[in-house]
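The lines below spell out each chain.
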Amino acid sequence: MNARFAGILLACSSGLSYGAAIRPELFDVKPGPIAVSSSNDTLQVRWTDGGGQTWQTDFSLDSTKPLITAITVNGKPGYRKNESGISLFDW
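Residues numbered from 1 in each chain as written. Predicted model: local features only at pLDDT ≥ 70, side-chain atom pairs only at ≥ 80, totals over all residues. Heavy atoms only, no water.

Asker: Teacher, can you tell me more about the packing of aromatic side chains here?
Answerer: In the structure shown here, the tally under the stated rule is one aromatic pair. Between the aromatic rings of Trp-47 and Trp-55, the centroid separation amounts to 6.1 Å while the plane-to-plane angle is 10°, which identifies the pairing as stacked. Under the relative-accessibility criterion, Trp-47 is labelled partly exposed at 29%. Residue Trp-55 is classed as buried on the basis of its relative accessible area of 12%. (Phe/Tyr/Trp six-rings, centres within 6.5 Å; stacked < 30°, edge-to-face > 60°. Buried < 20%, exposed > 50% of the residue type's maximum accessible area, 1.4 Å probe, protein only.)

This is how it looks when you write it as structure tokens:
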């Protein structure tokens, strides 16, 4: 009986977390070589590499969408998709 109840509880609770908004807590982020900011639906991480190029990665805060939504280098897309749909980096 307990295993059956646990299975039902697990099945019900997993439905509650599907599609949940992700809320970043940035209050402990300090200024430094890596900058982090967020908007309603995106978390952005920016840094400059040893060659002086500025990188930015955008993460979706919507758990129903792909986690990484963009990677840019000096404001230009850092990746592209080829004809088979595979992401290729352009550096």
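From this point on, the discussion continues.
Asker: Can you help me understand the sheet that holds strand β3 (residues 54-60) in this one?
Answerer: Strand pairing in a sheet relies on backbone hydrogen bonds, with the paired strands running either antiparallel or parallel. A sheet is described by the order of its strands in space; here five strands give the open sequence β1-β2-β3-β4-β5, paired in antiparallel fashion. Each having just a single partner strand, β1 (34-38) and β5 (76-77) make up the two edges of the open sheet. Across five bridges, the pairing between β1 and strand β2 (residues 42-48) is antiparallel. Note that in β2 the partner of Val-36 across the bridge is Val-45. (Pairing = 2+ DSSP bridges. Helix = DSSP H or I, 4+ residues; strand = E, 2+ residues; numbered from the N terminus.)

Asker: Honestly, the environment of Ala-21 in this entry has me stumped. Any pointers?
Answerer: Along the polypeptide, Ala-21 turns up in the loop between α1 (2-17) and β1. Overall, Ala-21 belongs to the partly exposed group, its relative accessible area being 47%. Ala-21 sits 39 residues away from Ser-60 along the chain, and the two C-alpha atoms are 9.5 Å apart.

Asker: What should I look at first to understand the pairing of strand β4 (residues 68-73) in this one?
Answerer: Residues in a regular strand point their side chains to alternate faces of the sheet. Across five bridges, β3 lies against β4 in antiparallel orientation. Note that in β4 the partner of Thr-57 across the bridge is Ile-71. With two bridges connecting them, β4 and β5 associate as antiparallel partners. Pairing of Val-73 across the sheet is with Lys-76, part of β5. Between β4 and β5, which pair antiparallel in sequence order, lie two residues; one of them, Asn-74, sits at a positive phi of approximately 55°.

Asker: I would appreciate a short explanation of the side chain of Ser-60 in the present structure.
Answerer: With respect to the element layout, Ser-60 can be found in strand β3. Looking at Ser-60, the relative accessible area reads 6%, which means it is buried. Within the local environment of Ser-60, its side chain forms a polar contact with the backbone nitrogen of Asp-62, the two atoms lying 3.1 Å apart. Setting aside chain neighbours within four positions, we find Ser-60 in contact with Ile-22, Asp-41, Lys-65, Pro-66, Leu-67 and Thr-69. (Polar contact = N/O pair within 3.5 Å; in protein donor to acceptor, adjacent residues only side chain to side chain. Contact = heavy atoms within 4.5 Å.)

Asker: Is there a simple way to explain the confidence of the model for the protein chain in this structure?
Answerer: Close inspection of predicted coordinates is inappropriate for parts of the model with low pLDDT. Predicted confidence across the protein chain gives a mean pLDDT of 76, with 66% of residues reaching 70 or more. Across the protein chain, element-level confidence peaks in β2 with a mean pLDDT of 94 and bottoms out in α1 with 46. (pLDDT = per-residue confidence, 0-100.)

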